[in-house]
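# What the coordinates show
Take a look at the letters that make up each chain.
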Amino acid sequence: MMLLLGFAVLPAFSLRAESLVLNLDTCRRMALENNPDLRVSGLSLSMARRDRDSSWNMLLPAITAGAGIAEAGTLFTDVYDPSLTLSGSLSASLSLNAGLAASVKAIRLAAEKEEIS
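Position labels on residues start from 1 in each chain and follow its written sequence. Only residues with pLDDT of 70 or above have their local features reported here, since the model is predicted, and side-chain atom pairs are shown and tallied only from 80 upward, although totals for entire chains, interfaces and linings are computed over all residues. Here the side-chain values reflect all heavy atoms present in the structure, with hydrogen atoms and water set aside.

### Details of the overall build of the protein
Strands are runs of DSSP state E lasting at least two residues, helices are runs of H or I lasting at least four, and both sets are numbered from the N terminus onward. The number of helices and strands found in the protein is four helices and two strands. Going from N to C terminus, the protein has its helices and strands arranged as α-α-α-β-β-α. In the protein, which comprises 117 residues, the share counted as buried stands at 7%. Carbon together with sulfur atoms contributes 64% to the accessible area of the protein, which is approximately 10500 Å² in total. Between buried and exposed lies partly exposed: a residue is buried under 20% and exposed over 50% of the maximum accessible area for its type, with that area taken using a 1.4 Å probe on protein chains only. The accessible surface values rely on the Shrake-Rupley method and a 1.4 Å probe; as for residues, cover is taken only from the protein chains in view.

### A closer look at the environment of Arg108
Mapped onto the elements, Arg108 comes out in helix α4 (residues 99-116). Remark: the alpha-carbon pair of Arg108 and Arg52, spanning 56 residues in sequence, is separated by 5.3 Å. The contact criterion used is simple: two residues touch if any of their non-hydrogen atoms lie within 4.5 Å. Ignoring sequence-local partners within four residues, the contact set of Arg108 consists of Arg52 and Ser55.

### Quick notes on the pattern of salt bridges
When a carboxyl oxygen of Asp or Glu lies within 4 Å of a side-chain nitrogen of Lys or Arg, that pair is called a salt bridge. The full count for this structure, using the stated rule, is six salt bridges. Taking the shortest distance from any N to any O, the salt bridge between Arg49 and Glu115 comes out at 3.4 Å. Here Arg49 is found in helix α3 (residues 36-54), whereas its partner Glu115 is found in helix α4, with 66 residues between them in sequence. Judged by its relative accessible area of 38%, Arg49 is partly exposed. Note that Arg50 and Asp51 form a salt bridge whose closest N and O atoms lie 3.4 Å from each other. Taken together, the shared-partner salt bridges connect Arg49, Arg52, Asp53 and Glu115 into one network.

### Here we look at a nonpolar patch on the surface
Patches were defined on residues exceeding 30% relative accessible area and lacking a salt bridge, with like-charge contacts within 9 Å and nonpolar side-chain contacts (Val, Leu, Ile, Met, Phe, Trp, Tyr) within 5 Å. The grouping of Met58, Leu59, Leu94 and Leu96 at the surface amounts to a nonpolar patch, some 370 Å² of accessible area in total. Examined against the element boundaries, Met58 turns out to sit in the loop between α3 and β1 (62-72). For Met58, a relative accessible area of 31% gives the class partly exposed.

### A few points about the confidence of the model for the protein
Per-residue confidence for the protein averages 79 on the pLDDT scale, and 79% of its residues sit at or above 70. Confidence scores per residue from the predictor, reported as pLDDT, run from 0 to 100. Within the model, pLDDT remains below 50 along residues 1-10, and this stretch shows zero contacts once partners closer than five positions in the same chain are excluded.

### Let's talk about α4
Expected helix span is given by 1.5 Å per residue-to-residue step, counting one fewer step than there are residues. Here α4 is 18 residues long and its end C-alpha atoms lie 26 Å apart, about the 26 Å a rise of 1.5 Å per residue gives. Burial in α4 covers these residues: Leu100, Val104, Ala111 and Glu114. Along the axis of α4, the buried residues cluster in a sector spanning 90°; they form a single face. Residues of α4 that are exposed and point more than 90 degrees away from the buried face comprise Ala101, Lys105, Lys113 and Ile116. Relevant arc is that of directions from the helix axis to the C-beta atoms, nothing else.

### Describing the side chain of Ser55
Inspection of the secondary structure puts Ser55 in the loop between α3 and β1. Polar contacts, as counted here, are pairs of nitrogen or oxygen atoms within 3.5 Å of one another; within protein the pair requires one atom able to donate a hydrogen and one able to accept it, and residues that are adjacent in sequence qualify only if both atoms are side-chain atoms. In this structure the side chain of Ser55 is engaged in a polar contact, spanning 2.9 Å, whose partner is the backbone oxygen of Arg52. Once you skip the residues sitting within four places of it in the chain, Ser55 turns out to touch Val104, Ile107 and Arg108.

Structural data, given as structure tokens:
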């Protein structure tokens, strides 16, 4: 009786495998998706393109702005006479050196190298 019950329950727990149809296009797509070297190359290319596209940022100036307000008055007199002082500042600096053009060129060449390989 127990053996008969086991055969009755067995089909309910059986696993069904899906049939996989392989053709040349499917095999090629699966190989490309699962190739770790291609993934690494793709990431290297993305990073090189990002560096190339943002290399012009080296030519932007650094801008700093500041503002302040201060209140000053006489503390030890009978009459309190406050005075306000306002201040503000704005500065920009641009660091240029002889190696800057070479750095931009090296970044662009690295991006071209990644696109070729």
